[in-house]
Structure formats: C-alpha cells, structure tokens
Amino acid sequence: AEIAPDGFRSSRRVLLHGPGGPDSSWVVVREAGVAYGFDATHTMFARGNGSERMRFGALDARGETVVDLYAGVGYFALPLLCRAGVAFAHCCEWAPAAVAALRRNLAANGVAESRYAIHVGDSSAVAPALGRVADRVSLGLTPS
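Small disclaimer: the values here were computed from a predicted structure and weren't measured. (Residues numbered from 1 in each chain as written. Predicted model: local features only at pLDDT ≥ 70, side-chain atom pairs only at ≥ 80, totals over all residues. Heavy atoms only, no water.)

Asks: Sorry if this is basic, but what is going on with the environment of Leu130 here?
Replies: In this structure, Leu130 sits in helix 4 (residues 123–130). The sequence separation of Leu130 and His90 amounts to 40 residues, and the corresponding C-alpha distance is 8.6 Å. (Helix = DSSP H or I, 4+ residues; strand = E, 2+ residues; numbered from the N terminus.)

Right, here's the structure in full:
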C-alpha cells in the first residue's frame, strides 16, 4: 500500500477481511521478548530495523537516560527500556497513530509510566526543550 502524503507517513492499507471492531487491524510482532503492536491500517512496522533493535536491546545502558528522537511505535525505546536497563526514555514522535501505538506498547511490555515521557511533536521543536538530559540519543538510524 502507498504511504499517504500527510507528513506522518501514514499507511493507506485497507482491511479487506476480518472480524471488524477497533482491534481488527492491530498486529503484534514479537522480537527478543519485546512486543511491538501497531494498527496496520494507520502506521507501519519497519522490519528492516530488526538487527538494530536487537543491538539496542543488548547494550549495557543500565541507569541511563535516553532521548529517542523518532520513536515511532517504540522501535528502539522498547528494547532499551525492556532489555538494556535504561532508567528513563524521552520518546519524541509526531504521528498520532504511532504515538497511540507507542503508549499501548509501553503498557503491554510492562514499562512503568515513571520510566518514560512521550513528547508529541516534531523532534526539531520538542527535543531542544528537553535540554541536556541524555546519556544517549537515538536518531532512528540503522547501520549501513
């Protein structure tokens, strides 16, 4: 399906068959003990980032504060919080469907609300307001 030209890279997928209801297009991908859920008709899941998600989860980041500038559904924040020992993550995301999935994914993976903050908006606007809080910053880049 094409990506909508709305600035959020929204999905244009249409559910052709299914039970209907609010969760009929909700998909969950599990990798290395982390569950990533998303509504396939509204957002995407970047499978190509798998090796980088695994690398993030294997880091020793105990006690660190992380800023994830393009958090999406939690591609990198979730393995950092669930497996790498990050104490706190500032998750920056502007796409409404991705923010909704991120909130749901943090709860589904048992991440306490005291361990993260979601900053909704363009990273170039919300990140400077955070100041110098990070031990580590994720730019959503994958290895070449």
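Asks: Help me out: how do you make sense of the packing of aromatic side chains in this one?
Replies: Aromatic ring pairs are described here by two measures, namely the spacing of the ring centres and the angle between the planes. The tally for this structure, following the rule as stated, stands at one aromatic pair. Taking the ring centre of Tyr36 as reference, the NZ or CZ of Arg53 above it sits at 5.4 Å. Over the face of the ring belonging to Trp26 we find Arg104, whose NZ or CZ atom lies 3.8 Å from the ring centre. (Phe/Tyr/Trp six-rings, centres within 6.5 Å; stacked < 30°, edge-to-face > 60°. Lys NZ or Arg CZ within 6 Å of the ring centre and 35° of its normal.)

Asks: In this structure, what is going on with the layout of surface pockets? I would like to understand it.
Replies: One water molecule sets the probe size; rolling that probe over the atoms shows where empty space is left. Its volume calculated, the largest pocket comes out at about 430 Å³. Lining the largest pocket are 22 residues, and of these Arg9, Tyr70, Gly72, Tyr75 and Glu93 sit closest to its centre. A breakdown of the residues in the lining of the largest pocket according to their chemical character gives twelve nonpolar, seven polar and three charged. (1 Å grid on protein atoms, 1.4 Å probe; cavity = no way out; pocket = protein on both sides within 12 Å on 5 of 7 lines; lining within 4 Å. Points joined across faces, edges and corners; volume = space filled by probe spheres on them. Nonpolar A, V, L, I, M, F, W, Y, C, P; charged D, E, K, R; others polar.)

Asks: Looking at this structure, how should I read the nonpolar core?
Replies: Side chains of nonpolar character tend, in soluble globular proteins, to be buried together. Among the nonpolar cores identified, the biggest contains 29 residues, and Phe45, Leu81, Cys91, Leu106 and Ile118 are the most heavily contacted of them. Ranked by size, the runner-up nonpolar core spans six residues in total, among them Val67, Leu69, Cys92 and Val126. (Core = buried A, V, L, I, M, F, W, Y, C linked by side-chain atoms within 4.5 Å. Buried < 20%, exposed > 50% of the residue type's maximum accessible area, 1.4 Å probe, protein only.)

Asks: Even after reading the chapter, I still don't get unusual backbone geometry, so can you show me in this structure?
Replies: The bulk of non-glycine residues show a negative phi, and the bulk of peptide bonds are trans. Look at Ala32: it is not a glycine, yet its phi comes out positive at around 50 degrees. Along the polypeptide, Ala32 turns up in the loop between strand 1 (26–31) and strand 2 (34–39). The exposure class assigned to Ala32 is partly exposed, which follows from its relative accessible area of 35%.

Asks: I'm lost on the sheet that holds strand 4 (residues 88–93) in this one. Help?
Replies: Within a sheet, each strand pairs with its neighbour through backbone hydrogen bonds, oriented either parallel or antiparallel. In space, the four strands of this open sheet follow the order 5-4-3-6, with parallel pairing throughout. The sheet is open, and its two borders are formed by strand 5 (116–120) and strand 6 (136–138), each paired with just one other strand. On average, each strand axis in the sheet is tilted by 15 degrees relative to the strand beside it, whichever way the strands run. By the bridge criterion, four bridges tie strand 3 (residues 65–68) to strand 4 in an arrangement that is parallel. Considered in strand 4, the bridge of Val66 is made with Ala89. Running at roughly 175 degrees to strand 5, helix 3 (residues 96–108) makes contact with strand 4 and strand 5 of the sheet. Contacting strand 3, strand 4 and strand 5, helix 4 runs over the sheet at an angle of about 150 degrees to strand 4. (Pairing = 2+ DSSP bridges. Axes fitted to C-alpha atoms, helices over the stretch in contact; angles between N-to-C directions. Contact = heavy atoms within 4.5 Å.)

Asks: Would you mind showing me how to read helix 4 here?
Replies: Residues separated by three or four positions in an α-helix point in the same direction, a consequence of the helix having 3.6 residues per turn. Turning to helix 4, its buried residues number three or more, namely Ser123, Val126, Ala127 and Leu130. When helix 4 is viewed along its axis, its buried side chains cluster within an angular range of 100 degrees and face the same direction. What points out from helix 4, more than 90 degrees from its buried face, is the exposed set Ser124, Ala125, Pro128 and Ala129. Residues of helix 4 that are buried sit in contact with strand 3, strand 4 and strand 5. The N-cap residue of helix 4 is Asp122: its side-chain oxygen and the backbone nitrogen of Ser124 are 2.9 Å apart. Of the residues one or two after helix 4, Gly131 is the one with positive phi, at around 75 degrees. (Arc of directions from axis to C-beta. Polar contact = N/O pair within 3.5 Å; in protein donor to acceptor, adjacent residues only side chain to side chain.)

Asks: Is there a simple way to think about the pairing of strand 2 in this case?
Replies: A regular strand carries its side chains on alternate faces of the sheet. Of all six residues making up strand 2, six are buried, and the element is well covered by its neighbours. Where burial is concerned, the two faces of strand 2 agree: the one with Val34, Tyr36 and Phe38 and the one with Ala35, Gly37 and Asp39 are both buried. One ladder, built from six bridges, connects strand 1 with strand 2; its direction is antiparallel. Within strand 2, the residue paired with Val29 across the bridge is Tyr36. Linkage of strand 1 to strand 2, two consecutive antiparallel strands, is achieved through a turn of two residues, within which Ala32 is found at a positive phi near 50 degrees.

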